[in-house]
Amino acid sequence: MAFTTTHAFTAQPPFKNHPQFAVLKSRQLLAPPISTALYRNKARLFAVAATAAAEKKKRYPGETKGFVEEMRFVAMKLHTKDQSKEGEKEPAGKPVAKWEPTVEGYLKFLMDSKLVYDTLERIVEKAAFPEYAEFRNTGLERSEALSKDLDWFIQQGHTLLPEPPSSSPGISYARYLEELSEKDPPAFLCHFYNIYFAHSAGGRMIGRKVAEKILNGKELNFYRWEAGELPELLQNVREKLNRVAQGWSREEKDHCLEETEKSFMFSGQILQWIASSS
Ligand code: HEM
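Residues numbered from 1 in each chain as written. Predicted model: local features only at pLDDT ≥ 70, side-chain atom pairs only at ≥ 80, totals over all residues.

As a reminder of what qualifies: UniProt positions are given in the numbering used here, feature names are shortened, and annotations may be inferred rather than shown by experiment.
The chain goes by heme oxygenase (biliverdin-producing) in an unreviewed UniProt entry, where it is assigned to Genlisea aurea. UniProt, in its Sequence similarities (unreviewed entry) section for the chain, records the words "Belongs to the heme oxygenase family."

What follows is the structure in structure tokens.
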């Protein structure tokens, strides 16, 4: 065991009880009384340094676990208090339990979601930046599942839409993602993370509530992951995101985190199709 001078300043009872402490003391290798003031100053310096280090840590919560944890931390704070216990925003509008969904509104939500997932999956397939290729075939893809669900609604006699809409939150989000992906990987991957992970968490809970209210409890393919166990699929993507982010500067990481709010804005608009009963 190496006894540094730091140990000498802060010797705590367990250390004092250590047999080697007695040996050191007997050889007068430990703090002589004359320099108590000096030690006190040094201790203060250590305390200041420790506080500064803690301050720095506070700036990037989750950092030690990897970058995904930083993204999660930022995302959780953007939830309203009724959406999640980690949420910090005041509730705006009715809580999910009080939503009064209609099949018509839910279909618009599913169609807009399909536009977004089609776009994400096309972007990683094309891989304008090599790191996007990491995110092909993660098992989290939702485009095919949504196609099956929309087919099911048609079989049930529902009409999707009389004509393709010229604008919708899904079209705006898809356009935004397409453009962003061509020029800004950290910002794009923030959306990638938030869309897939939000769907696996709050999205699933919303899907269950809607199904109870308007689909006789039928579970759609959108909420089923056939490629493997969901926690494992998510963990694999976390690891890939963490690896990609290791190559980013702190500025790029911050830029990625700052994009979270936009992801909430766009996804929130798409969710409105279910929340408002039109
Ligand atoms: C009505 C809307 C929403 C509800 C009720 C909701 C609820 C939740 C809940 C309960 C969790 C799980 C928290 C936990 O790990 O204990 C969660 C996680 C999360 N949500 Fe939401 N959320 C909503 C909307 C959103 C939106 C719009 C986004 C972003 C686009 C988002 C992004 C996330 C992310 C990234 C996580 C972390 C997932 C993980 O750790 O694997 N959520 N949400």
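## Observations regarding the site of the ligand
Selection criterion: Using the backbone to place each C-beta atom, any residue with that atom within 6 Å of a molecule or strand is considered near it. The secondary structure listing takes helices from DSSP runs of H or I that are at least 4 residues long and strands from runs of E that are at least 2 residues long, numbered from the N terminus. By the convention adopted, Pro, Cys, Tyr, Trp, Phe, Met, Ile, Leu, Val and Ala count as nonpolar, Lys, Arg, Asp and Glu as charged, and the other residues, Gly among them, as polar.
In the region of the ligand, 18 residues are neighbours, and Gln83, Ala198, Ala201, Gly202 and Ser267 sit closest. For the shell around the ligand, the secondary-structure elements that each account for two or more residues are helix H5 (67–77), helix H9 (185–214) and helix H12 (260–275). Among the elements that take part in the shell around the ligand, H9 stands out by supplying 6 residues, more than any other. When the residues that make up the shell around the ligand are grouped by side-chain class, the tally is 9 nonpolar, 8 polar and 1 charged.

## Examining the environment of leucine 233
Filter applied, for reference: By definition, residues are in contact whenever their C-beta atoms, placed on the basis of the backbone, come within 7 Å of each other.
Tracing the backbone through its elements, the reader meets leucine 233 in helix H10 (residues 230–246). As for leucine 233 and threonine 138, which are separated by 95 residues in sequence, their C-alpha atoms are 6.7 Å apart. Residue contacts for leucine 233: discarding those within four places in its chain leaves Thr138, Gly139, Leu140, Trp225, Ala227 and Gly228.

## Structural notes on unusual backbone geometry
Most peptide bonds take the trans form, and the phi angle of most residues other than glycine is negative. Stated precisely, the cut-off is as follows: With C-beta atoms placed from the backbone, a residue counts as buried when 20 or more other C-beta atoms lie within 10 Å of its own, as exposed when 12 or fewer do, and as partly exposed for counts between those limits.
Notably, alanine 127 is not glycine yet its phi reads approximately 50°, a positive angle. Among the secondary structure elements, alanine 127 is positioned in the loop between helix H6 (103–126) and helix H7 (143–155). The exposure class assigned to alanine 127 is partly exposed, which follows from the 14 C-beta atoms found within 10 Å. Within the chain, asparagine 137 stands out as a residue other than glycine whose phi angle is a positive 45°. Here asparagine 137 is to be found in the loop between H6 and H7.

## Regarding the nonpolar core
The cut-off we apply is this: Residues of type Ala, Val, Leu, Ile, Met, Phe, Trp, Tyr and Cys that are buried and joined through C-beta atoms within 7 Å form what is called a nonpolar core.
Of all hydrophobic cores here, the largest spans 44 residues; its most connected members are Leu120, Phe192 and Tyr193. What phenylalanine 192 contacts, discounting residues up to four positions off in sequence, is Leu120 and Phe135.

## Thoughts on the packing of H9 against H10
As a reminder, the rule being used: Between N-to-C directions, angles cover 0 to 180 degrees, with each direction set by a line fitted to C-alpha atoms, over the stretch in contact for helices. Any angle that is under 35 degrees is reported as roughly parallel, and any over 145 degrees as roughly antiparallel; angles of 65 to 115 degrees are reported as roughly perpendicular and all others as oblique. In this scheme the handedness of a crossing depends on how the near helix is turned from the far one: anticlockwise by less than a right angle means left-handed, clockwise means right-handed.
Look at H9 against H10: their axes get within 12 Å of each other, and the N-to-C directions meet at 165°. Taken together, the axes of H9 and H10 lie roughly antiparallel to each other. The chirality of how H9 crosses H10 is left-handed. Residues Leu189, Tyr193, Tyr196, Phe197 and Ser200 of H9 form the contact with H10, whose participating residues are Leu230, Leu234, Val237, Leu241 and Val244. Split into classes, the residues belonging to the contact of H9 with H10 amount to 9 nonpolar, 1 polar and no charged.

## Observations regarding H6
Selection criterion: Take the residue count of a helix, subtract one, and multiply by 1.5 Å to get its expected span.
Compared with the 34 Å implied by 1.5 Å per residue over 24 residues, the 34 Å span of H6 between its first and last C-alpha is a close match. Taken across its 24 residues, H6 has 17 buried, putting it largely inside the fold. Once H6 finishes, alanine 127 follows within two positions and takes phi at roughly 50°, a positive value.

## Looking at the environment of glutamine 83
Relative to the elements of secondary structure, glutamine 83 occurs in the loop between H5 and H6. A count of 17 C-beta atoms within 10 Å places glutamine 83 in the partly exposed class. Taking the C-alpha atoms as reference points, glutamine 83 and valine 96, 13 residues apart in sequence, are found 7.8 Å from one another.

## Considering the confidence of the model for the chain
Condition: By definition, pLDDT measures how confident the predictor is in each residue, and it falls between 0 and 100.
Looking at the chain as a whole, its pLDDT mean stands at 85, while 77% of the residues score no less than 70. Below a pLDDT of 50 lies the segment residues 1–39, which in the model reaches 15 contacts outside its immediate sequence neighbourhood of four places, other chains included.

## Some points on the packing of helix H8 (residues 169–183) against H9
Taken N-terminus to C-terminus, the directions of H8 and H9 make an angle of 140°; their axes are 7 Å apart at the nearest point. Here H8 is positioned oblique relative to H9, judged by the angle of their axes. Contacts from Leu177, Leu180 and Ser181 in H8 reach Ala187, Phe188 and His191 in H9. Residues of the contact of H8 with H9, tallied by class, amount to 4 nonpolar, 2 polar and no charged.

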